[in-house]
Structure formats: structure tokens, C-alpha cells
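Each chain is listed here by its residues.
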Amino acid sequence: MTVRTRGPLTRDDMARRVADDIREGAYVNLGIGLPTKVSDYLPSDREIILHTENGMLGMGPAAVGDEIDPDLLNAGKIPVTELPGASYFHHADSFGMMRGGHLDICVLGAFQVSTSGDLANWHTGGEDAIPAVGGAMDLAIGAKQVFVIMELFTKEGACKLVDECSYPLTGIGCVDTVYTDYAVFDITPRGVVAREIFGELGLDELAELTGLALSAD
Amino acid sequence: MISKIVESAATAVRDIPDGATVMIGGFGTAGQPVELIDALLEHGVGDLTIVNNNAGNGTTGLAALLGAGRVRKIICSFPRQVDSQIFDGLYRAGQLELELVPQGTLAERIRAGGAGIAAFFTPTAFGTTLADGKETRRINGRDYVLEEALTADFALIKAHEGDRLGNLVYRKTARNFGPLMASAAHTAIAQVNRIVEVGALDPEAVVTPGIFVERLVEVGGRLPLATEGQ
């Protein structure tokens, strides 16, 4: 069987799909990498406040030209801008905001997500991989809702939504929804629900492709 | 009259001894006390334990301190970066001890250290390898990991403006670990872009009250943009 590793949605499509689910008034943290792209598609008619864990609410777009200020960076250490109504705070307040459950949504990338919502996104577990965790574990367990955005399969064709993560865990049972290039999956107490499937596959075909027990919304 | 002002970065760090634990502020370039780190390197002491979010970038600052073999142990959250080659080499060679701490836990351990809290239970990292060997407890149905406070002999931080009493204000995301480290260190040393007269800082806007700061030195860094208030 030929494994088709990329689904119907492009990475930009995936980011747009996540952005559609971010509601008016939400306080949101977008992780480094693909999650950052979600900011390009936030609907302009909704007031959404972005948090960056290095100490700011009300983060604006990336800084260009004269806007670049070495004292104003995002969590990826990229120069950004501030929006009217922004605020700055130290790291303990920033992570308290997160750990204390004040943020509405956190969007993260992942190596693997399990069907019970475990997240693996910080370490491949390789023998000589140098470990680096940053804010990943705090982000995973802090927000009211945790969204993962990732391609459903690795380039080698392995499904990244799995019954049990083989990579070291970032957090246990913390993921609510997984946005992929094939479908949007909700992690629920009664299992994984394919809320929305893109393209032409049916639920049974997707279940076969992923090797998972899936139900429809 | 109280004055915590010292004339140079070299003077500010000259009593840091071998084997000291030193917290260093900064997240990326923002809030990195470059002149104080350079002075510490020049000062020549070794066997240091460093607390920082990262483990040095490129070949300057903290990376240079590591490269010169002055550091025995680093406590940080994110050592591996595209330009962390000096750390990477020492770590792989077994010449540097690493204590890896989730970023929010690192911040809270430092905050606790400055606030007289010995340890705290946090949900972060429960069930992960970073909680291995640590005490855990279920409280009201949720699982937590016991984390101990961090204190230090010295802190090197960067603020925007300060007065002779040690009151500090910061700029934008350069605040990051500064206020926490100032409180958790026995001797907190702040480099500031500008020293101002007592009374010039709005008391409502002071971020680090002077009680937490032992020394400050003006390094004549980049001055604020014309539109900046304090």
C-alpha cells in the first residue's frame, strides 16, 4: 500500500482552520513554529489578545525595519511589536498566568499526541539529543484549552496520533483538540472524535489509515 | 546617605568568589546584562553555578564564560539552540553539569527563593521524566510535583533606569527574570542604561523596589526611544 503522508490541507490551511476556532475575547498563547502562523489568520473582526510567555500580553505582529527593538521579543526570540493595551510582566507572573488557568487557549506543535490527550513535543528521547524544555511543559498543562496543530503523519508515514506516545511526555491528558491536514480530532472521555474530515476520505478510511478507533461527531 | 551606585562593572563583580552561584537575567538579547557578564569573565573566577534561562548563544556573554571553563553547573530551561555550540560541546564532553528545569518552574523556584518559600507543589512536569525522583502529591484530585526554591550568592541583571536607592524600572520584555533574581540573590547587581535622581521614578511604576538591589552600575547602554515614558 502506498502511504500518502500529506493530507488535503496545507500548513497555511491548517493555521487558518485553528484561527477559525479562536473566539472573540480569547487570551491565547501561540507556540513556536507552525502555531505562530495561526496569528496570520486571526479574524480581524474578533478582539483576541496574544500572550507571549517571556512576559507580555497584547503582542502585535513581527517587527520590521525601524520597529525592531532588542528589548521587545517573543518567546521564539523574534522581534515583535506591541498593540495598544499591551502589558509587560516578569516571568513568574507570566507563567502564573498560564499555570493558574487564566489563558483561554494555547496552540502547540507536537511529535505525538495520544488518544487520551497525552502530549509529546519536547524531546525525541535520542541518546545524544541535548534536552531543552523551555516553556513546553508549562504551556501543556496551563491553558483552559490546549490545541495541537500538526501534520497527521511523519514524512516516513507514521501516524502522530497514537494510542500511546513513544516519545518522552510533555504533559498527561492535556490536549483537547488536534488540528491536522486530514481532520480535526477532539480528544474526549469516550475516545477520539473526528469532528471534521477534509477531502474525500470517509471516517472508516481515516480510521484504517491511522489505525485508531475513531467516531464521528 | 545610601548609595548603591558603583563606578564600573568590574568593581561591581570583584568580590564574586570561586564556586559562587550566580543568577544571570535575560531572555535572548532582552535583559541580558552583557557588561556584567563580560566583567565576570574578566574577573577570572571559576567553578561557578549559573542560573539562566538558556546556556549561552554564539561565542560572547554567557557562552564565553562557559567556553573559558569557568562554569561547573548550569541550571536552565532551554540550553539547546541553533547557536549554543559552546554549551553543546561541553555537555557532550561531560564537562558541564546540567539541571534542566521547565521555564515556569525555574521562574517560580527563583520567586520562591526570594520570598522565603522553601518549596512548592506545581502541576508542571507531573508524569514526565523531569519529575523523576521528585516527591509528588495529589491535592484536591490533581497531581503535583514538589519543587524546591532557588537562591544565589549573586544576581547579575539588566534594568532600564535605576536610582541610588536601587529602585528599578525595566523596558518591555527585557524585564523577564530580573525582578525575580534580584529578590533571590544575597547580592543583586543591576546594570542600568541610566541612573536617575531619587524621586525621578514614579513610585507607582517602580518594578523592583530598592530593598532587593545591593549594587547598580550605569553602563550607558542604548538610550530609550524618544517616545518612551519611564
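Residues numbered from 1 in each chain as written. Chains lettered and ligands numbered in written order. Predicted model: local features only at pLDDT ≥ 70, side-chain atom pairs only at ≥ 80, totals over all residues.

Per an unreviewed UniProt entry, chain B carries the name 3-oxoacid CoA-transferase subunit A and comes from Leifsonella bigeumensis.

Chain A is annotated in an unreviewed UniProt entry as 3-oxoacid CoA-transferase subunit B from Leifsonella bigeumensis. Here is the UniProt Sequence similarities (unreviewed entry) comment for chain A, exactly as written: "Belongs to the 3-oxoacid CoA-transferase subunit B family." (UniProt positions renumbered as here; feature names shortened; annotations may be inferred.)

Participant: When you look at the interface of chain B and chain A in this model, what are you seeing that I'm missing?
Facilitator: The extent of an interface is frequently quoted as the accessible surface area lost upon association of the parts. Counting from both sides, the interface comprises 37 residues of chain B and, opposite them, 31 residues of chain A. Mapped by element, the contributors of at least two residues to the side of chain B that touches chain A are α4 (85–92), α5 (103–115) and α6 (178–184) of chain B. Its residues assigned to classes, the side of chain B that touches chain A comprises 16 nonpolar, 13 polar and eight charged. (Contact = placed C-beta atoms within 7 Å. Helix = DSSP H or I, 4+ residues; strand = E, 2+ residues; numbered from the N terminus. Nonpolar A, V, L, I, M, F, W, Y, C, P; charged D, E, K, R; others polar.)

Participant: Even after reading the chapter, I still don't get unusual backbone geometry, so can you show me in this structure?
Facilitator: Leaving glycine aside, a negative phi is the common case for residues, and trans is the common case for peptide bonds. Positive phi is not limited to glycine here, since Asp47 of chain B has a value of about 60°. If you trace the backbone, Asp47 of chain B turns up in the loop between α2 (34–43) and β2 (48–51).

Participant: I'm lost on the environment of Ser215 of chain A in this one. Help?
Facilitator: All names here are of chain A. By the element assignment, Ser215 lies in strand β13 (residues 214–216). Expressed as a C-alpha distance, the spacing of Ser215 and Arg195, which sit 20 residues apart in the sequence, is 8.5 Å. Aside from chain neighbours lying at most four places away, what touches Ser215 is Gly191 and Val193.

Participant: When you look at the packing of helix α3 (residues 91–99) of chain A against α5 of chain B in this model, what are you seeing that I'm missing?
Facilitator: The relative placement of two packed helices comes down to the angle between their axes together with the axis-to-axis distance. Between α3 of chain A and α5 of chain B, whose axes approach to 9 Å, the crossing angle comes to 125°. On the basis of their axis angle, the class for α3 of chain A and α5 of chain B is oblique. Crossing hand, α3 of chain A versus α5 of chain B: left-handed. Facing α3 of chain A, whose interface residues are His91, Ala92, Phe95, Met98 and Arg99 of chain A, α5 of chain B presents Gln103, Gly104, Ala107, Glu108 and Arg111 of chain B. Among the residues forming the contact of α3 of chain A with α5 of chain B, the class breakdown is four nonpolar, three polar and three charged. (Axes fitted to C-alpha atoms, helices over the stretch in contact; angles between N-to-C directions. Parallel < 35°, antiparallel > 145°, perpendicular 65-115°, else oblique. Left-handed = near helix turned anticlockwise from the far one by under 90°.)

Participant: I keep staring at the nonpolar core and nothing clicks. Help me out?
Facilitator: Within soluble globular proteins, side chains that are nonpolar tend to cluster in buried spots. Val148 of chain A together with Ala155 and Met181 of chain B are the most contacted members of the largest nonpolar core, which has 133 residues in total. With six residues, the single largest contributor to this core is strand β8 (residues 152–162) of chain B. Sequence-distant contacts of Met181 of chain B, defined by excluding residues within four places in its chain, comprise Met23, Gly25, Ile110, Ala155, Ile157 and Ala188 of chain B. (Core = buried A, V, L, I, M, F, W, Y, C linked by C-beta atoms within 7 Å. Buried ≥ 20, exposed ≤ 12 C-beta atoms within 10 Å, placed from the backbone.)

Participant: How do you make sense of the sheet that holds strand β7 (residues 142–148) of chain B when you look at a structure like this?
Facilitator: Hydrogen bonds along the backbone pair up the strands of a sheet, which may run parallel or antiparallel. Residue and element names in this part refer to chain B. Sheet architecture is open: three strands sit in the order β5-β7-β6, paired in antiparallel fashion. Here the strands that pair on one side only, and so sit at the sheet edges, are β5 (119–122) and β6 (136–139). Across the sheet, the mean angle separating the axes of adjacent strands is 35° when strand polarity is ignored. Pairing geometry for β5 and β7, over four bridges, is antiparallel. Counted as the bridge partner of Ala119 is Glu148 from β7. (Pairing = 2+ DSSP bridges.)

Participant: Is there a simple way to explain the confidence of the model for chain B in this structure?
Facilitator: Predicted coordinates in regions of low pLDDT should not be interpreted in detail. Residue and element names in this part refer to chain B. For chain B, per-residue confidence averages 94 on the pLDDT scale, and 96% of positions sit at 70 or higher. Confidence drops under pLDDT 50 across residues 222–230; counting only partners more than four residues distant or on other chains, this segment forms ten contacts. Overall fold confidence (pTM) sits at 0.95, and the ipTM for the predicted complex is 0.94. (pLDDT = per-residue confidence, 0-100.)

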